Each structure stands twice: as structure tokens, then as C-alpha cells.
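Coordinate analysis (summary)
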Amino acid sequence: MKKLLFALAAALVLIVPAKALEVSAPSALLMEKETGTVLFAKNEHEKLEPASVTKVMTLLLTMEAIENGTLHYDDMVTASAHACSMGGSQIWLKENEQLSVDDMLKAVCVVSANDCSVALAEHIAGSEDAFVERMNQRAKELGMDDTHFVNPTGLPADGHVTSAYDIALMSRELILNHPDLRKYTTIWMDTLRNGASSLVNTNKLIRFYEGATGLKTGSTGAAQYCLSGTAERDGMELIAVIMKGPTSAQRFEDAKSLLSYGFSTYALVKAVPDGALPPVNVSLGTQATVQPVASGESLLLEKAKAAKLEKSVSLTEQAAAPIAKGDVLGTLILSSGGETVAEVPLVAGEDVPRVTWGALALRYLRTAFLGG
């Protein structure tokens, strides 16, 4: 499948101009999750303090630890004196208090608990410093070139910076590969400690924006009001990043504007034929035909083009063995209004080895003397 190439792949990773779209925040970005396409950007690489939006990376490393089996939702995490000393947004952990990973994730996602963030970091990596090293390493792997983390909370610290673009990158990684986190990020109100501790989500989109799925708020005096807001409609999920918003309310209004623009303007289209593909004849193969398949990749198109989308298929009449799974057998052409918007390779869905000389001889004899 590595051979799959889309005609407009290069264009899809470029910023699409958004006419008449304004946000008050000095730095912002809108990204589509599936393709990673940037739909709007404003000073997206400016290095700024992210406040608690930092916790997107803390959550990513936590979910990856759960995925690889080194951490489990029912594991008990013991709060250290250091974790309890964080201040800011917290659930007031007491030293040596134990909560499950499940409860700590809930506290981090819903009320941005700094104490739980550090407790998780210490539990996963052995110390906060070791966890921060992992955060920066993961940021490097994701191509977050504007980012340097100093802590897992986003509390003010010299040199702790990132950008709207980098926040979108780590947010996409989190929601694309760890959708289970939604069970926390979509909570509006809940409790911990058998009902003794009330939780209300700091992300007002969850309550007031249709399709909101998360993700993380943040605010400090220096960072002002930040947000990585995610929402899904009609199978398409968008990420709206706001940095240094002037007020809490305005960051949510900016995010709503970005999200609503994306949902009203774009649609995801699966790159698959409308009907079943016929098999392709194979010469000198161990079988007579091979079945072509489409990638099923998603294409992001303007809704106006998606509404008029037409698909046509071009397949080779015959392919010579050996054929490897993934070899190109034809093309699926997607067009709209007479314009080609994408060309998707149709590939072999299986290996077809070349027939041996002995098998060829036997096939000839069967045909000559037995009529097939």
C-alpha cells in the first residue's frame, strides 16, 4: 500500500485560505483529523505558553502506556508530596492518597487537575523530570519543532512553549489513535471519591457546541486563554487551536467560528468505487485472476465539489505474474464539474506467484489430452 499516491496529496497539506474568517486570538489553527489538512492558520508557528493545553501530551503518553500494557485503567496511583504541591487547578490530592488511573484521567480531562497530572507522570516514568524527557522526545517524533516542555502541567515555567500548529499535531495523534479518551473528554459533570468531589468540565464546548468531543483548555496570566477544541459531525472530526485568547469566553467563540467554518465548507469522501471491481486476468500465474482493491483512504473536499463527485475506474486488461499484494492494477479517478480532484491507485489485494515450468507442462498436457 506504500505505492498509493494521491494526485492532490501535496495540496492537501497546504493551508486552505479561509475567506472572511476572523478570530480575535493572535494565534490559531484549524486541522482536519483524518488527513491532517490545515484549513485555517494564523501565526501558527509562534512560540507561546500553552498553559494546561500542555496536558494533551501528558494524556498522549498516558494512553500510549495503557496501549502498550505498562499501565492499566484499574492500576492504583499513589500521590506524592510533590504531586500534591502543584496548586492551580486540582482535586486536592493528599499525600499517599490513592486513586485509579481511570479516576486520575477523568480529573485531568474534566477539571485539568495538575496534581493528578504529576502523579500520573511520576507513576509512568518514575519521576516528573523523566516524564518530561519523554514528553520532549515524543514531541520531536511528531515533528513539533516549536515545542519545549518543562513540566507535564503547563504551570508557568521559563522556556515552556509550543505553537498552535504543534498543539494540533499532538491533539491529532491523541484523538486519531486513542478514541477511548472520549469517555473522559466528553464528560460535562461528574464526581470522584464516591461523590464527595464534584467535577465540571472547563471546556464549555462540551455543553454548548453540537458534536464537541474535547479536548483541553488552559489559562494562566501569561498564557492567557488557550484551547484545543475538537468536534465531530457527519464522520469528520476537526481540531481548533486557540492561543492567547483575550478572555475565556472569546476563546470558545473563536473555536466555534473555526469549527463551524470547517463543518460548513468541507466533507470527507472515501476513495472507493461505487460498485464492485471486476477481477483482472493474470498471465502465467498460479491463479487465473487477481482482485483489485481500493485504498479506502479519506479525501477532504470542499462540500460543493463533494456534492457533484463522479467516479470512474480504469483497470489493466491483463497483468503478468508474479504479482505482489499492493502492485498497481489501475486507477480510480474522482472528478467534480469536469475537474479531476484525485487519482487513487487500485492495487492487487493478494500475491499471485508465477507458475512453475512443471505446472505449466502439466497444464498443457491436461488441456491437450483432457480438454482442460
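Residues numbered from 1 in each chain as written. Predicted model: local features only at pLDDT ≥ 70, side-chain atom pairs only at ≥ 80, totals over all residues. Heavy atoms only, no water.

Digging into the overall build of the chain
Each helix and strand in the chain was counted, giving 12 helices and 18 strands. Dimensions of the chain along its principal axes, counting C-alpha atoms only, are 90 × 50 × 35 Å. For the chain, the proportion of its 372 residues judged to be buried stands at 49%. A fraction of 64% describes how many contacts in the chain between residues 6 or more apart in sequence connect residues 24 or more apart. A total of about 17000 Å² of accessible surface is found on the chain, and carbon and sulfur atoms cover 51% of it. Looking at the chain, you have 32 positive and 43 negative side-chain charges, and the mean spots of the two groups are 4 Å apart. (Helix = DSSP H or I, 4+ residues; strand = E, 2+ residues; numbered from the N terminus. Buried < 20%, exposed > 50% of the residue type's maximum accessible area, 1.4 Å probe, protein only. Contact = heavy atoms within 4.5 Å. Areas by Shrake-Rupley, 256 points an atom, 1.4 Å probe, with all protein chains shown as cover. Lys, Arg positive; Asp, Glu negative; His and termini not counted. Charge placed at Lys NZ, Arg CZ, Asp CG, Glu CD.)

Focus: the sheet that holds strand β13 (residues 292-293)
The four strands are arranged β13-β18-β17-β15 in an open sheet whose pairing can be described as antiparallel. The two strands at the open ends of the sheet, each matched to only one other strand, are β13 and β15 (309-315). Where strand β17 (residues 328-336) and strand β18 (residues 339-348) come together, eight bridges link them in antiparallel fashion. What sits directly across from Thr331, in β18, is Pro345. (Pairing = 2+ DSSP bridges.)

Things to note about the packing of helix α2 (residues 55-67) against helix α5 (residues 114-125)
Interhelical geometry of α2 versus α5 gives an angle of 40° and a closest axis separation of 11 Å. What the angle tells us is that α2 and α5 run oblique. α5 is crossed by α2, and the crossing has left-handed handedness. Listed contacts from α5 to Lys55, Thr58, Thr62 and Ala65 of α2 are Asn114, Ser117, Leu120 and Ile124. (Axes fitted to C-alpha atoms, helices over the stretch in contact; angles between N-to-C directions. Parallel < 35°, antiparallel > 145°, perpendicular 65-115°, else oblique. Left-handed = near helix turned anticlockwise from the far one by under 90°.)

Examining the nonpolar core
Of all hydrophobic cores here, the largest spans 64 residues; its most connected members are Met57, Ile91, Leu93 and Leu181. For this core, the secondary structure elements donating two or more residues are β1 (27-32), α2, α3 (81-84), α4 (101-111), α5, α6 (128-141), α7 (164-177) and β9 (236-245). Sequence-distant contacts of Leu93, that is, excluding residues within four places in its chain, are made with Ala79, Cys84, Leu99, Met104, Asp115, Cys116, Ala119 and Arg193. In terms of nonpolar packing, the next biggest core, distinct from the first, is built from 25 residues, Val23, Ala212, Met236 and Leu238 among them. (Core = buried A, V, L, I, M, F, W, Y, C linked by side-chain atoms within 4.5 Å.)

Describing unusual backbone geometry
Note that the residue after Gly214, namely Leu215, is joined by a cis bond; omega there is 20°. Its location among the elements puts Leu215 in strand β7 (residues 212-220). Cis geometry is adopted by the peptide bond preceding Pro322, which originates at Ala321 and carries an omega value of 5°. Examined against the element boundaries, Pro322 turns out to sit in the loop between β16 (318-320) and β17. Positive phi, close to 75°, is recorded for Asn96, a residue that is not glycine.

Topic: the packing of aromatic side chains
Under the criterion given, the structure shown has three aromatic pairs. Aromatic pair Tyr261 and Tyr266: ring centres 6.1 Å apart, planes at 80°, arrangement edge-to-face. We note that Tyr261, like Tyr266, is buried. Above the face of the Tyr73 ring, Lys183 is positioned so that its terminal group lies 4.1 Å from the ring centre. (Phe/Tyr/Trp six-rings, centres within 6.5 Å; stacked < 30°, edge-to-face > 60°. Lys NZ or Arg CZ within 6 Å of the ring centre and 35° of its normal.)

Focus on the confidence of the model for the chain
Mean pLDDT over the chain stands at 91; residues scoring 70 or higher make up 90%. Scored below 50 in pLDDT, residues 1-16 shows 33 contacts in the model against residues more than four places distant or in partner chains. (pLDDT = per-residue confidence, 0-100.)

Description of the side chain of Ser27
Among the secondary structure elements, Ser27 is positioned in strand β1. Looking at Ser27, the relative accessible area reads 0%, which means it is buried. Of note is the side chain of Ser27, whose polar atom sits 2.9 Å from the backbone oxygen of Asn43. Setting aside residues no more than four positions away along its own chain, Ser27 makes contact with Lys42, Asn43, Glu44, Leu48, Ala164, Val241, Ile242 and Met243. (Polar contact = N/O pair within 3.5 Å; in protein donor to acceptor, adjacent residues only side chain to side chain.)

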